[in-house]
Amino acid sequence: LTSTVSGAGIAVAPIDFTDRTLPNGLRVLLVEDHRVPSVAINVGYRVGGKDDPPGRSGFAHLFEHLMFKGTKNTRPETIDRLTEDIGGLNNAFTADDITNYYEVVPSNYLETLLWAEADRLGSLAVIEEHFQTERDVVIGEYDQRILAEPYGMLDELVNRESFVTHPYKRGVIGDPENLRAATLADVVAFHRTFYRPDNAVLVVVGDFDPVQANVWIDKYFGRVPQPAVPIPRVEAVEPPQTAERTFTYRAANVPLPAVEYAYHIPAWRHPDAPALDIVETLLGMGKSSRLYQSLVYRQRVATAAHASADLREHPGLFSLRAIASTATPIERVREALDAEIARLRDELPAADEMERVRTQIASSFVRSRQTYNNIAVALVRSAVERDDPGALNSDLDRYRAVTGADVQRVARQYLTVENRTTIEYLPL
Amino acid sequence: VTQPIATLEKPPSPGAPNRADLPNPVERTLANGMRVIAFPQRSAPKAYAVPLIAAQLIVRGGASAESEAEAGLATLMTSLLTQGTATKSAVEIAQAVDGLGARLDAASGYDASIVSLTALTHVFAQAFALFDEVIRQPSFPPDEVERVRAKAIGDLALSYSSPSALARYVAQRVAFAAAPYGHPVSGTAETLATLDRELVVAFHARYFRPDNATLIVGGDCAPDEAFALAERQFGGWRAPATPLLVPAAHTAPGSQSRVVIVDKPDAGRTAIVVGRVGIARRAATYPAGVVATAVLSGYSGRLNQEVRVKRGLSYGAGAQLIARREPGMFLASTLVDHTKVEEAVAVVLESLRGLAAAPPEAAELVTRKATISGGFSRSIETIDGIAGVLGELALYDVPLTELGNYLPEIEAVDPAMVQRFAAAMCEDLFVVLVGDASIFGAAIAREYPNVTTIPLAQLDLGRPDAIKEP
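Residues numbered from 1 in each chain as written. Chains lettered and ligands numbered in written order. Predicted model: local features only at pLDDT ≥ 70, side-chain atom pairs only at ≥ 80, totals over all residues. Heavy atoms only, no water.

What follows concerns empty space enclosed by the protein. Enumeration over the complete set of coordinates arrives at four cavities of 30 Å³ or more. Quantified by volume, the largest cavity comes out at close to 110 Å³. Residue lining of the largest cavity: 15 residues in total, with Arg35(A), Gln41(B), Arg42(B), Tyr48(B) and Ile383(B) positioned closest to the centre. A per-class count over the lining of the largest cavity returns nine nonpolar, three polar and three charged. (1 Å grid on protein atoms, 1.4 Å probe; cavity = no way out; pocket = protein on both sides within 12 Å on 5 of 7 lines; lining within 4 Å. Points joined across faces, edges and corners; volume = space filled by probe spheres on them. Nonpolar A, V, L, I, M, F, W, Y, C, P; charged D, E, K, R; others polar.)

Right, let's get into the environment of Ser113(B). Residues and elements named next belong to chain B. Position of Ser113 relative to the elements: it lies in strand β5 (residues 112-120). Judged by relative accessible area, Ser113 falls into the buried class, the value being 0%. Sequence spacing of Ser113 and Leu192 is 79 residues, and the spatial spacing of their C-alpha atoms is 18 Å. Setting aside residues up to four positions removed in sequence, Ser113 forms contacts with Leu57, Ile58, Val59, Gly61, Gly62, Ala74, Met77, Thr78, Ala107, Ser108 and Phe208. Among the polar contacts made by the side chain of Ser113, one reaches the side chain of Ser108 at a distance of 2.7 Å. (Helix = DSSP H or I, 4+ residues; strand = E, 2+ residues; numbered from the N terminus. Buried < 20%, exposed > 50% of the residue type's maximum accessible area, 1.4 Å probe, protein only. Contact = heavy atoms within 4.5 Å. Polar contact = N/O pair within 3.5 Å; in protein donor to acceptor, adjacent residues only side chain to side chain.)

Taken together, the contacts link 54 residues of chain B with 58 residues of chain A. Carbon and sulfur atoms make up 57% of the surface buried where chain B meets chain A, a total of about 4,600 Å² over both sides. Of all residues in chain B, Lys46(B), Tyr48(B) and Glu381(B) bury the most surface against chain A, accounting for 18% of the area lost on that side. Summed over the shared surface of chain B and chain A, the number is one salt bridge. The partner of Glu9(B) in a salt bridge is Arg223(A), with the nearest N and O atoms 2.9 Å apart. Remark: the boundary between chain B and chain A carries 20 residue pairs in polar contact (both at pLDDT 80 or more). Elements represented by at least two residues in the side of chain B that touches chain A include exactly α2 (90-99), β5, α12 (362-379) and α13 (383-395) of chain B. (Buried area = accessible area lost by both parts, 1.4 Å probe. Salt bridge = Lys/Arg side-chain N within 4 Å of Asp/Glu carboxyl O.)

Before going further, it helps to examine helix α13 (residues 372-385) of chain A. Residues and elements named next belong to chain A. Taking 1.5 Å of rise per residue, the 14 residues of α13 would be expected to cover 20 Å, and the 20 Å separating its terminal C-alpha atoms lies within 8% of that figure. Among the 14 residues that make up α13, 12 are buried, leaving the element largely enclosed by the rest of the structure. Buried within α13 are the following residues: Tyr372, Asn373, Ile375, Ala376, Val377, Ala378, Leu379, Val380, Ser382, Ala383, Val384 and Glu385. Against β4 (27-32), β5 (38-45), β6 (89-94), β7 (99-106) and β8 (200-206) lie the buried residues of α13. (Expected span 1.5 Å × (residues − 1).)

What follows covers the pattern of salt bridges. Taken as a whole, this structure holds 55 salt bridges over all chains when the rule is applied. When the shortest N-O distance is used, the salt bridge between Arg35(A) and Asp33(A) registers 3.2 Å. The buried category is assigned to Arg35(A), whose relative accessible area is 5%. For Asp33(A), a relative accessible area of 2% puts it in the buried group. With a closest N to O distance of 2.8 Å, Asp132(B) and Arg136(B) form a salt bridge. Taken together, the residues Asp132(B) and Arg136(B), both in helix α3 (residues 124-136) and four residues apart, mark about one turn of the helix. Given the relative accessible area of 6%, Asp132(B) is considered buried. Shared partners join several salt bridges into a network, and the residues in it are Glu244(A), Arg334(A), Asp338(A), Arg420(A) and Glu424(A).

Take the sheet that holds strand β13 (residues 420-427) of chain A next. Residues and elements named next belong to chain A. Strand order across the open sheet formed by five strands is β9-β13-β10-β12-β11, with mixed pairing between neighbours. One side of each edge strand has no neighbouring strand; the edge strands of this open sheet are β9 (245-251) and β11 (302-310). For this sheet, the mean inter-axis angle between neighbouring strands, taken without regard to orientation, is 15°. As defined by bridge partners, strand β10 (residues 258-264) adjoins strand β12 (residues 317-324) across seven bridges and the pair is classed as antiparallel. The partner of Ala258 across the bridge, within β12, is Ile323. (Pairing = 2+ DSSP bridges. Axes fitted to C-alpha atoms, helices over the stretch in contact; angles between N-to-C directions.)

What follows concerns unusual backbone geometry. Despite not being glycine, Tyr151(A) has its phi angle at roughly 65°, a positive value. On the secondary structure map, Tyr151(A) appears in the loop between α4 (128-148) and α5 (152-162). A positive phi angle, close to 55°, is found at Asp397(B), a residue other than glycine. Relative to the helices and strands, Asp397(B) is located in the loop between α13 and α14 (402-411). Using a relative accessible area of 40% as the deciding quantity, one classes Asp397(B) as partly exposed.

Residues and elements named next belong to chain B. With their axes 9 Å apart at the nearest point, helix α1 (residues 73-81) and helix α7 (residues 197-207) run at an angle of 85° to one another. By the angle between their directions, the pair α1 and α7 is classed as roughly perpendicular. Mapping the contact onto sequence places Leu73, Ala74, Leu76, Met77, Leu80 and Leu81 in α1 and Leu199, Val200, Phe203 and His204 in α7. Grouping the amino acids of the contact of α1 with α7 by side-chain chemistry returns nine nonpolar, one polar and no charged. (Parallel < 35°, antiparallel > 145°, perpendicular 65-115°, else oblique.)

This part covers the environment of Ser351(B). Residues and elements named next belong to chain B. By secondary structure assignment, the location of Ser351 is in helix α11 (residues 341-357). Its relative accessible area of 7% is what places Ser351 among the buried residues. Setting aside anything within four residues of it in sequence, one finds Ser351 in contact with Leu296, Leu303 and Glu306. Here the side chain of Ser351 touches Val347 through a polar contact of 2.8 Å, landing on its backbone oxygen.

Moving on, we get to the sheet that holds strand β10 (residues 329-336) of chain B. Through backbone hydrogen bonds, the strands of a sheet pair up, either in parallel or in antiparallel fashion. Residues and elements named next belong to chain B. Reading across the sheet, the six strands line up as β9-β10-β8-β11-β7-β12 and stay open at both edges, with mixed pairing between neighbours. A single partner strand is all that each edge strand has here, and the edge strands are β9 (317-322) and β12 (451-455). Across the sheet, the mean angle from the axis of one strand to that of its neighbour is 15°, orientation sign disregarded. Judged from the five bridges that link them, strand β7 (residues 259-263) and β12 form a sheet pairing that is parallel. Paired with Ile261 across the bridge in β12 is Thr453. Here helix α5 (residues 163-176) sits on the sheet in contact with β7, β8 (270-277), β9, β10 and β11 (430-435), set at roughly 150° to β11. Taken strand by strand, helix α16 (residues 437-447) contacts β7, β8, β11 and β12, and its axis lies near 165° from that of β7.

Laid out in structure tokens, this is it:
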């Protein structure tokens with residue numbers, strides 16, 4: 001090991017990556033590792049739910065589907081055949097700021113998959129037939145994940161009610177009405193706008209020779225032209241919230257009443273991000289967490305309680321969600337949540353609790369560094385969502401530097417009533 | 001969008017496959033009879049190492065050691081290991097595990113009960129002490145026994161509602177009848193209702209002893225340190241004076257060609273399982289079996305091609321080779337509309353017999369073997385993944401060198417070996433159908449001899465013939 005980064009008494013080797021940008025603007029990050037004869041390939045595009053055109057909510061997500069439907073050179077599902085048939089896997093996800101595509105394949109198929117990823121960047125077949133079928137699939141996914149899942153709609157509501165100006169308010173999965181109103185011309189325009197090499201990051205992790213890999217990357221990705229027009233970026237800035245906003249929603253598939261508190265927090269690259277991650281862990285990770293201990297185990301007012309620091313490219317949300325236990329009024333659940341927030345503001349966390357939380361966060365960090373694809377996804381997200389892939393190598397140090405006083409400070413600064421959107425989500 | 005064919009590009013072809021950098025496992029036996037296997041961090045110059053250590057304790061004594069009347073006992077016992085010890089309640093154990101950022105799990109299969117742990121290097125010794133405590137000093141609190149047992153009974157109802165899951169359970173009874181692999185690992189509502197704390201304590205005492213256990217420790221820990229850690233933690237574990245009950249070798253009853261239909265009128269579709277008793281993990285034909293199964297499985301495997309791609313009879317079809325300490329099952333399965341059962345059974349049988357009749361093309365084997373090496377590579381990316389593979393080898397009495405030899409053995413399988421294996425597996429196949437028999441029952445009875453139909457209300461997985469006592 002040449003150097004190490006450390007946190008909570010542990011030392012972790014940094015992820016050793018190369019970083020270069022092709023003449024057409026594609027950023028390429030490579031990590032060579034020969035533990036197992038496979039490679040993970042990720043292509044992340046800087047386009048997510050927030051970049052959907054107004055009135056066209058769900059386009060980024062729709063593209064995640066269209067990218068599997070074939071190109072000028074290949075039939076639909078080619079990527080599936082090129083991966084699953086050789087013992088590999090592939091998938092993709094769309095988030096607020098990124099659409100990421102990935103494959104894990106035996107390392108001797110690296111060139112094949114680099115070709116296939118460059119091919120779908122350069123020559124995707126955006127045609128009426130695929131548009132129609134995938135639009136139906138995306139609307140079906142909305143029905144399944146938002147309408148049919150208990151509390152599925154609550155996720156949408158949190159974004160919709162917390163943001164006034166910023167397009168984060170529209171969520172990712174898409175609006176069925178918007179999607180139905182879309183035309184093929186809209187879709188082609190969206191593709192031309194965002195699927196271009198200077199809007200993408202390619203990451204390869206695993207068993208390959210970087211010299212050879214770079215030759216292939218230049219050959220297949222290098223020939224995709226860079227359009228002259230600039231890429232539109234979201235410039236909207238969410239104005240500071242000055243008073244609590246409260247909403248009550250009722251829906252059919254709500255097994256038990258729930259309450260969600262969503263607080264505005266800064267972007268992922270902000271210096272307070274590690275402290276917010278620590279607060280998330282302290283409140284919500286595992287059975288030793290404060291919310292579980294207090295609301296679920298001791299007071300038994302909730303069947304489940306979660307905390308989430310949803311750090312994004314632009315300022316995101318810190319949210320707390322509790323689902324009431326049977327026959328507990330929602331006011332009682334809110335009192336218990338309020339008490340936990342007050343405790344964060346009023347008391348310094350004990351040293352042993354801070355140590356436990358750092359160990360928990362370091363453990364999940366280290367576990368997630370074991371597989372090639374996890375390393376690749378972490379790099380691509382860090383590159384796109386905080387414009388700094390190398391920040392991964394100092395995350396553990398930043399977690400270790402968070403003190404009990406920092407926890408108290410960020411709680412006082414962000415977890416305030418004025419900065420909060422409250423949603424009570426109740427059965428009909 | 002449409003372009004002349006001549007401009008179309010084809011994907012580049014693959015290069016030669018590379019080999020994995022596998023750690024070299026080493027082993028020792030402690031004075032108390034416990035087998036200890038250690039493996040170090042990987043050694044390749046470019047191999048990202050994480051400060052994580054994994055441990056696994058494998059005890060020979062799982063569901064195959066239960067009597068028919070005690071079906072579900074091993075699983076009930078292992079589910080309870082983390083639910084209370086001499087010094088800690090269930091919640092205190094969960095908190096201690098969280099506090100160390102560790103993962104601690106326990107489960108039983110047919111041949112073994114396994115407790116597994118991963119933790120960061122700097123807290124591993126503490127986590128290892130906790131691992132020891134749940135292994136050696138579980139207290140099996142009566143209220144936890146009741147809670148876990150009630151939950152297990154509730155979970156059964158859910159798994160019986162799936163025709164595919166039910167068909168697997170029935171297939172085990174058809175293949176093994178009263179032999180130890182015949183009853184369900186999860187037990188039945190009737191057997192679980194008769195289990196109590198006393199049985200749980202006795203089962204634990206009978207099999208959890210050092211001379212019946214294999215401990216695996218590896219990852220960010222040199223083998224010498226692992227052995228020292230094992231000695232310090234488990235060296236004082238004394239085997240009881242009572243002789244060790246070694247699970248007896250057992251054989252399945254002879255396979256016979258028959259059809260068993262479970263009439264489940266409310267099933268959405270019919271689950272089809274075609275199979276027979278297969279091979280043991282240590283059998284010389286195992287690599288050929290893995291390759292033959294891969295030829296039949298996956299999206300581009302023969303079963304899915306015939307059943308789904310060519311005929312649209314189902315969303316998917318595949319084969320599975322379940323190789324255990326003693327011969328397990330070889331099976332092919334799919335899920336089809338009730339009106340397509342007759343056709344789908346014929347297509348599945350034809351696909352299996354097709355492989356038995358003629359060796360596969362060499363080119364077909366290249367991609368099917370790639371699916372095996374790809375899957376294996378992913379399974380050993382993590383430290384606990386390696387511990388899992390080594391644990392299986394130890395349990396099945398396969399030399400640990402198999403970790404490195406596995407892929408070369410797969411590569412060495414030729415088309416004739418695949419054909420021979422398929423031919424052996426095509427003798428005396430049984431067919432299990434779980435679905436609405438009013439739609440397909442008569443046609444199946446016309447087509448095949450030796451058909452038994454069991455109405456769902458008469459099904460009892462607690463009995464060797466799966467039929468309730470009259």
